[in-house]
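Chain and residue survey
Chain by chain, the residues:
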Amino acid sequence: MTDVLTPSQPAHTAPKVGFVSLGCPKALTDSELILTQLSAEGYQTSKTFQGADLVIVNTCGFIDDAVKESLDTIGEALAENGRVIVTGCLGAKTTDGGENMVRQMHPKVLAVTGPHATQEVMDAVHLNLPKPHDPFLDLVPQSFGVAGIKLTPRHYAYLKISEGCNHRCTFCIIPSMRGDLVSRPIGDVLSEAKALFEGGVKELLVISQDTSAYGVDVKYRTGFWDGKPVKTRMLELVQALGDIAEPYGAWVRLHYVYPYPNVDDIIPFMATGRVLPYLDVPLQHSHPDVLRRMKRPASGEKNLDRLQQWREACPELVVRSTFIAGFPGETEAEFEHLLDFIREAQIDRAGCFAYSAVNGATANDLPGMLPIELREERRARFMAVAEEVSAARLQRRVGSVMQVLVDSAPALGRKGGVGRSYADAPEIDGVVRLLPPEKISKTLKVGEFTKARIVSAQGHDLVALPI
Ligand code: SF4
């Protein structure tokens, strides 16, 4: 059976809601908002579909496999519970005939909403499972104060700074599901960050669809935090997050950063360690013609030059990126341009999808769709080159001492554990495998930092001795 998410809750009698969260970190933060609201209103969560009075499924609709997984999970919840509310990206999807896809496939669901729709989901919950009337429940403490409930381990958390996207990349249907860019007020974002650090978060992962564009929609309006004016803009946001994190000794990691010129201003903060020298830059391709066909943001930028300048200003910088191989019309020469780029740009961590047509994306109508075998073959060739680059870059770390955040350490790390350095984001990058410490007095604890000497590199991971 699909795992049903259950944040830790105090025991009390109350209506029970089962919750399944599928999809990306942005969907996870939507789930956290809904669970926070459910908890604040006194609902309990159930570990099983059968034990719940109602089930909420937060879906993903990005690629065909994700659509299938979401539809299967809804089917499972309907079979085992029968009372199901659907939210998330798939909820906003329509069929070729213009009907809501979820409703067409599963007409028995109680309600369907799109992504980022906490209030609509709560309205559907109230309608189908009235809220408990216990005045004491309003006093139930939330896990992270104003930041609400988090579904990640207690020592790291995603911080969503905006919703939606102003771009119209031809392979992507996110803007049609999540709408144009809407930046959260900077005061709210910074208050949430502070609450998370106060609650024990040691690593804050800043997410959005386009982090570099933060504040564009509100013309970089001046907001307030801690009694001081602060602009709704990436530079000020990163500066303030670095300041807030510092007394807690916590990490701030930036995801989905497009290589616009304004990112140049962030690099000095990385060089001084105020935020992690790590950038997740979704480049998707290197060849200007393919980027134009993709309608990518910053497609006119000289990405290679820019990355090299960033590396000069901050030699520790680690760059992660994702790419698409076999985009419609991609020639062998364009693909080889991409392979050269990976080698020259020395991308530390690269992921690659073989192009797959997403229902509703305009790229489906582009000429020159490549056969699936060729797209897969290019993906495999890409990964071979990317892994070679990545392995060589990891190898350079052997012998160095790194700060590692411990993610797992059974028996206080006596048998070793698993952690991550600044070069590894959770879930998507490699890990640091920690050997049992040599010193008997040395222990490892989840959510704490340890220094470790890197002894070898294995695939995407490093092996290290805690010191
Ligand atoms: S930048 Fe492009 S790929 Fe990313 S969400 Fe916006 S439209 Fe989609």
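Our structure's up above, just so we're on the same page.
What counts as what
- Residues numbered from 1 in each chain as written.
- Predicted model: local features only at pLDDT ≥ 70, side-chain atom pairs only at ≥ 80, totals over all residues.
- Heavy atoms only, no water.
- Helix = DSSP H or I, 4+ residues; strand = E, 2+ residues; numbered from the N terminus.
- Expected span 1.5 Å × (residues − 1).
- Buried < 20%, exposed > 50% of the residue type's maximum accessible area, 1.4 Å probe, protein only.
- Phe/Tyr/Trp six-rings, centres within 6.5 Å; stacked < 30°, edge-to-face > 60°.
- Lys NZ or Arg CZ within 6 Å of the ring centre and 35° of its normal.
- Pairing = 2+ DSSP bridges.
- Axes fitted to C-alpha atoms, helices over the stretch in contact; angles between N-to-C directions.
- Contact = heavy atoms within 4.5 Å.

Turning our eyes to something else, we now look at helix 7 (residues 234-245). Here helix 7 contains 12 residues, and its C-alpha end-to-end distance of 16 Å stays within 8% of the 16 Å for a straight helix at 1.5 Å per residue. Among the 12 residues that make up helix 7, 9 are buried, leaving the element largely enclosed by the rest of the structure. Here helix 7 has its buried residues at M234, E236, L237, V238, A240, L241, G242, I244 and A245.

What follows covers the packing of aromatic side chains. Following the criterion strictly, the structure yields 8 aromatic pairs and no others. Geometrically, the ring pair formed by Y156 and Y158 is edge-to-face, given 6.5 Å between the ring centres and 90° between the ring planes. Judged on exposure class, the residue Y156 and its partner Y158 are both buried. Measuring from ring centre to ring centre gives 5.3 Å for F327 and Y355, while their planes differ by 80°; the resulting arrangement is edge-to-face. Of this pair, F327 sits in the loop between strand 14 (318-325) and helix 11 (332-345) while Y355 is found in the loop between strand 15 (349-354) and helix 12 (372-395), placing the two residues 28 residues apart along the sequence. Y355 carries the same exposure label as F327, and that label is buried. Through a chain of ring-to-ring contacts, the aromatic side chains of F171, F327 and Y355 assemble into a single cluster. Between K26 and the ring centre of Y256, over which it is positioned, the NZ or CZ distance is 3.8 Å. Positioned over the ring face of Y278 is R253, at 4.5 Å from the centre of the ring.

On a regular strand, one side chain projects to one face of the sheet and the next to the other, so that they alternate. Pairing of strand 16 (residues 401-408) with strand 17 (residues 417-420), which is carried by 3 bridges, proceeds in the antiparallel orientation. Bridging from a neighbouring strand, S408 pairs with V418 of strand 17.

What follows covers the sheet that holds strand 20 (residues 461-466). Taken together, the 5 strands give a closed barrel; going around it, the order is 16-17-18-20-19, and neighbouring strands pair in mixed fashion. Ignoring which end each strand starts from, the neighbouring axes of this sheet average 50° apart. The pairing of strand 18 (residues 432-434) with strand 20 spans 3 bridges and is parallel. Bridge pairing in strand 20 places L434 opposite A464.

It is worth spelling out the sheet that holds strand 3 (residues 54-59) at this point. Spatially, 2-1-3-4-5 is the arrangement adopted by the 5 strands of the open sheet, whose pairing is parallel. Strand pairing shows two members of the sheet lacking a second neighbour, strand 2 (44-45) and strand 5 (111-112), which therefore form its edges. In terms of strand pairing, strand 3 meets strand 4 (residues 84-88) through 5 bridges, oriented parallel. Bridging across to strand 4, V57 finds its partner in V86. Packing against the sheet, helix 2 (residues 64-80) makes contact with strand 1 (16-21), strand 3 and strand 4, and its axis sits at approximately 180° to strand 3.

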